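Observations on the three-dimensional arrangement
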Amino acid sequence: MIFCPLCGNMLIMQSSLHGYFFGCNTCPYKHELGEHRVTARRSMHHDERADEIYGGDSAKEMMDMTEADCPKCHHNRASYVQQQTRSADEPSTVFYCCEKCNHKWNDGS
Ligand SMILES: [Zn+2]
Ligand SMILES: [Zn+2]
């Protein structure tokens, strides 16, 4: 059950052209369900940079192999991708993905 944050009355499920929403009977407050559904779908992805880079299969194919020590299984080869930061003062970050166990890490912070 959802209550109106403005007046405290119970919100009633209503429908409009844009979809369903919870509306208050005593004040103009509306709680749109459509917008929240979109937000939920987008936030399913983590906001971490590594996930962004390793997200698609095409990104993985583009990555080069290099010698790197996997912190997890100590395999010595990993695919890597370099990401340039927006600020010129900061060094670019290298993201690694272990060839053997798929562990992902980076050499930055
Ligand atoms: Zn209200
Ligand atoms: Zn590994």
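Residues numbered from 1 in each chain as written. Chains lettered and ligands numbered in written order. Predicted model: local features only at pLDDT ≥ 70, side-chain atom pairs only at ≥ 80, totals over all residues. Heavy atoms only, no water.

As recorded in an unreviewed UniProt entry, the chain goes by the name DNA-directed RNA polymerase subunit, listed as coming from Monosiga brevicollis. What the UniProt record of the chain gives under Sequence similarities (unreviewed entry) is the line "Belongs to the archaeal rpoM/eukaryotic RPA12/RPB9/RPC11 RNA polymerase family." Per UniProt, the chain carries the Subcellular location (unreviewed entry) text "Nucleus". (UniProt positions renumbered as here; feature names shortened; annotations may be inferred.)

1. Let's talk about the overall build of the chain
The number of helices and strands found in the chain is 3 helices and 7 strands. Along the chain direction, N to C, the helices and strands of the chain fall in the order β-β-β-α-α-α-β-β-β-β. Expressed as a percentage of the 109 residues in the chain, the buried residues total 23%. For the chain, restricting intrachain contacts to residue pairs at least 6 apart in sequence, the fraction spanning at least 24 positions comes to 25%. In the form shown here, the chain has an accessible surface area of approximately 8600 Å², with 49% of it arising from carbon and sulfur atoms. (Helix = DSSP H or I, 4+ residues; strand = E, 2+ residues; numbered from the N terminus. Buried < 20%, exposed > 50% of the residue type's maximum accessible area, 1.4 Å probe, protein only. Contact = heavy atoms within 4.5 Å. Areas by Shrake-Rupley, 256 points an atom, 1.4 Å probe, with all protein chains shown as cover.)

2. Remarks on the coordination of the zinc ion (ligand 1)
Metal coordination angles have textbook ideals: 109.5 degrees for a tetrahedral set of four donors and 90 or 180 degrees for an octahedral set of six. Taken together, the protein ligands of the zinc ion (ligand 1) are Cys4 (SG), Cys7 (SG), Cys24 (SG) and Cys27 (SG), with distances of 2.2 to 2.3 Å. Its 4 donor atoms give the zinc ion (ligand 1) angles of 99 to 127° at the centre, a pattern that matches the tetrahedral case. Within one chain, the residues donating to the zinc ion (ligand 1) are spaced in sequence as C-x2-C-x16-C-x2-C. With Cys4 in the segment before β1 (12–16) and Cys27 in the loop between β2 (19–23) and β3 (30–32), this pair connects stretches of sequence that are 23 residues apart. (Donors = N, O, S within 2.8 Å, 3.2 Å for Na, K, Ca; no water. Tetrahedral: all angles 85-135°; square planar, octahedral: opposite > 155°, others 65-115°.)

3. Some thoughts on the coordination of the zinc ion (ligand 2)
The protein atoms that coordinate the zinc ion (ligand 2) are Cys70 (SG), Cys73 (SG), Cys98 (SG) and Cys101 (SG), at distances of 2.2 to 2.3 Å. For the zinc ion (ligand 2), the 4 donor atoms in the first shell make angles of 107 to 112° at the metal, so the coordination geometry reads as tetrahedral. Counting the intervening residues between successive donors of the zinc ion (ligand 2) yields the motif C-x2-C-x24-C-x2-C. With a gap of 25 residues between them, Cys73 in the loop between β4 (64–67) and β5 (77–83) and Cys98 in strand β6 (residues 93–98) connect regions that are remote in the sequence. The class of Cys73 is partly exposed, set by a relative accessible area of 28%.

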